[in-house]
There are 2 protein chains.
Amino acid sequence: MCAAERDGSAGVTAARLAALLSAFAAGDDRLGVSELARRTGMPKSSAHRLTRHLVAQGLLERDGAGVRLGLKLFEIGQLAVRGSGFVDAARPYLADLREATRNTVHLAVLEGTEVVYLDIVRGPDAPALPSRIGGRFPAHATAVGKAIIAHSPRPVLEAVISAGLPRVGPRTLTAPGLLRRQLTKVGEEGIAYEREESVAGVLCVASPVLDRSGAARAAVSISGWSNRVRAERVAPAVRTTALTLSRTLP
Amino acid sequence: MCAAERDGSAGVTAARLAALLSAFAAGDDRLGVSELARRTGMPKSSAHRLTRHLVAQGLLERDGAGVRLGLKLFEIGQLAVRGSGFVDAARPYLADLREATRNTVHLAVLEGTEVVYLDIVRGPDAPALPSRIGGRFPAHATAVGKAIIAHSPRPVLEAVISAGLPRVGPRTLTAPGLLRRQLTKVGEEGIAYEREESVAGVLCVASPVLDRSGAARAAVSISGWSNRVRAERVAPAVRTTALTLSRTLP
């Protein structure tokens, strides 16, 4: 029976299945099994076998010579964030903020030391941004990230600082002391600013979505050209939307 | 080594992993492991072990006594539909259609005998609908479904008919002959109508998004109150958006 091995191999298999699903990146329409083996560092034979199993389960779909992520993963993924109904409830308010500011609205949550964008509503006056729904960005370099961190338990900030504060934009805050001082201010004001810290020429203003305990569950922001958007003018609008979203939290 | 068993157990693990991820339904914020075992019909011990592995991989997240779908699944799921960029490219056009009609816009694809909604933009004049992004609905009972089926290879229609044409709304087409005749007309006109076939009091008008070969890759629709929306008036707008989306296909 070798049940012990089965337990062990179930863990290995689960890890490899997760690795295969995580191997796809933005722009990867389809990947060959050899490429999947290369990216996941697993033997080609295992990649072949596990890919076949994932296709049988609908988590991957055959696409010519390769495979692509299955629509089933989109369906399950939607439940992951829409289960609570928060993202759907937030949508009209994000549209209102975009309407009022004509710039791009982001709704994001913190995941480890990065933010993940739950929704993005692009505005006519805003520059094209590299962010995408479901995409990630280093939290310390974004207004949404700073808004969330400033309203989270202290260990969250320490984890972000331990991650090394990598420089991602022309003016990314890479000095722990500077970041700490700025976040104290953000915690007091409920507004976080970001000036070319993630993207050159771009300004962002964010405010946290807080639960009843006052902890940040998400953050909403406005992004526009730094030479066109007046931060202090859009701040009240962003804060208003953030307070409204806090009210819609389940 | 019992490698043969490992191969067999890899298939079992993949199937159970997919079953656990698929066990969550809309509104399930968190599920206990016993409930997961019940829903998937797997031994509680296996559910416990595999759930632990999935949490370790970030596909599930601990939530009090139970687990919920991991944010990682949302990220992967977004890549499943946004990899091609079609959904993002379509968004502004869907917003335009909603603006012009003040009713609710749906973008859907066909998956087997059901449609899956890729995006929904709710309009101020439309009734509240049960549809949700990432959700499914029997294709034969929806305008988007009929628009896609009418522009797909014949086996697609046969599969839908073989599934039994379940009645889901007051006026669902449950007679194969009637459905075949209506779809022939839809294939000629490029417009599909749905009058209370899915939801009482609701009218939908859809048009297919076609690739260069003329095959449907998706469909866009407008949904509104059947006693307020004039189908023949919104049809040209829906068709215009569908043709525009066909142009944006990669």
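Residues numbered from 1 in each chain as written. Chains lettered and ligands numbered in written order. Predicted model: local features only at pLDDT ≥ 70, side-chain atom pairs only at ≥ 80, totals over all residues. Heavy atoms only, no water.

The name given to chain A in an unreviewed UniProt entry is IclR family transcriptional regulator, with Amycolatopsis bartoniae as the source organism.

Draft legend 1. The arrangement of helix 4 (residues 71-82) of chain A in detail. Residues and elements named next belong to chain A. Compared with an ideal rise of 1.5 Å per residue, which puts 12 residues at 16 Å, helix 4 spans 16 Å between its outermost C-alpha atoms and is within 8% of the ideal. Burial of helix 4 is extensive: 10 of the 12 residues sit out of reach of the surface. Buried within helix 4 we find Leu 71, Leu 73, Phe 74, Glu 75, Ile 76, Gly 77, Gln 78, Leu 79, Val 81 and Arg 82. (Helix = DSSP H or I, 4+ residues; strand = E, 2+ residues; numbered from the N terminus. Expected span 1.5 Å × (residues − 1). Buried < 20%, exposed > 50% of the residue type's maximum accessible area, 1.4 Å probe, protein only.)

Draft legend 2. Molecular detail of the relation of the copies chain B and chain A. With an RMSD of 0.1 Å, chain B superimposes on chain A once it is rotated by 180° and translated 0.0 Å along the axis. In short, the pair behaves as if placed about a two-fold rotation axis. Proximity to the rotation axis, assessed at the C-alpha, singles out Gly 77 of chain B in chain B; its C-alpha lies 2.4 Å from the axis. In this assembly, 100% of the residues forming the interface of chain B have copies in chain A that are likewise at the interface, indicating an isologous arrangement. (Least-squares fit on C-alpha atoms with pLDDT ≥ 70 in both. Contact = heavy atoms within 4.5 Å.)

Draft legend 3. Structural view of the pairing of strand 1 (residues 60-63) of chain A. Residue and element names in this part refer to chain A. Across four bridges, the pairing between strand 1 and strand 2 (residues 66-69) is antiparallel. Note on strand 2: the bridge partner recorded for Arg 62 is Val 67. Linkage of strand 1 to strand 2, two consecutive antiparallel strands, is achieved through a turn of two residues, within which Gly 64 is found at a positive phi near 60°. (Pairing = 2+ DSSP bridges.)

Draft legend 4. The sheet that holds strand 4 (residues 114-121) of chain A, seen in detail. Residue and element names in this part refer to chain A. The strand order 5-4-3-8-7-6 describes an open sheet built from six strands, whose pairing is antiparallel. One side of each edge strand has no neighbouring strand; the edge strands of this open sheet are strand 5 (136-138) and strand 6 (192-195). Strand-to-strand twist across the sheet, computed as the mean angle between neighbouring axes with direction ignored, equals 30°. (Axes fitted to C-alpha atoms, helices over the stretch in contact; angles between N-to-C directions.)

Draft legend 5. Summary view of the packing of helix 5 (residues 86-101) of chain B against helix 9 (residues 231-248) of chain B. All names here are of chain B. At a minimum axis separation of 10 Å, helix 5 and helix 9 run at an interaxial angle of 165°. Considered as vectors, helix 5 and helix 9 are oriented roughly antiparallel to each other. Crossing hand, helix 5 versus helix 9: right-handed. Counting all contacts with helix 5, which are made through Phe 86, Ala 89, Ala 90, Tyr 93, Leu 94, Leu 97 and Thr 101, the residues of helix 9 involved are Val 234, Ala 237, Val 238, Thr 241, Thr 244, Leu 245 and Thr 248. Its residues assigned to classes, the contact of helix 5 with helix 9 shows 10 nonpolar, four polar and no charged. (Parallel < 35°, antiparallel > 145°, perpendicular 65-115°, else oblique. Left-handed = near helix turned anticlockwise from the far one by under 90°. Nonpolar A, V, L, I, M, F, W, Y, C, P; charged D, E, K, R; others polar.)

Draft legend 6. Here's a closer look at the sheet that holds strand 8 (residues 216-225) of chain B. Residue and element names in this part refer to chain B. Pairing is antiparallel in the open sheet, where six strands are placed in the order 5-4-3-8-7-6. The sheet terminates laterally at strand 5 (136-138) and strand 6 (192-195), the two strands that pair on one side only. Between one strand axis and the next, the sheet turns through 30° on average, direction left out of account. With five bridges connecting them, strand 3 (residues 104-111) and strand 8 associate as antiparallel partners.

Draft legend 7. Local environment of the pattern of salt bridges. Per the stated rule, a full pass over the model turns up 38 salt bridges over all chains. Here Lys 185 of chain B ties to Glu 189 of chain B by a salt bridge, and the two come within 3.3 Å at their closest N and O atoms. On the criterion of helical spacing, the pair formed by Lys 185 of chain B and Glu 189 of chain B is a turn pair, its members being four residues apart in helix 8 (residues 176-189). The class of Lys 185 of chain B is partly exposed, set by a relative accessible area of 47%. Glu 232 of chain B is the partner of Arg 230 of chain B in a salt bridge, and the nearest nitrogen-oxygen pair spans 2.8 Å. Residue class for Arg 230 of chain B comes out partly exposed when judged on its relative accessible area of 46%. On the basis of relative accessible area, Glu 232 of chain B is assigned to the partly exposed category, the value being 47%. Taken together, the shared-partner salt bridges connect Asp 28, Glu 35, Arg 38 and Arg 39 of chain A into one network. (Salt bridge = Lys/Arg side-chain N within 4 Å of Asp/Glu carboxyl O.)

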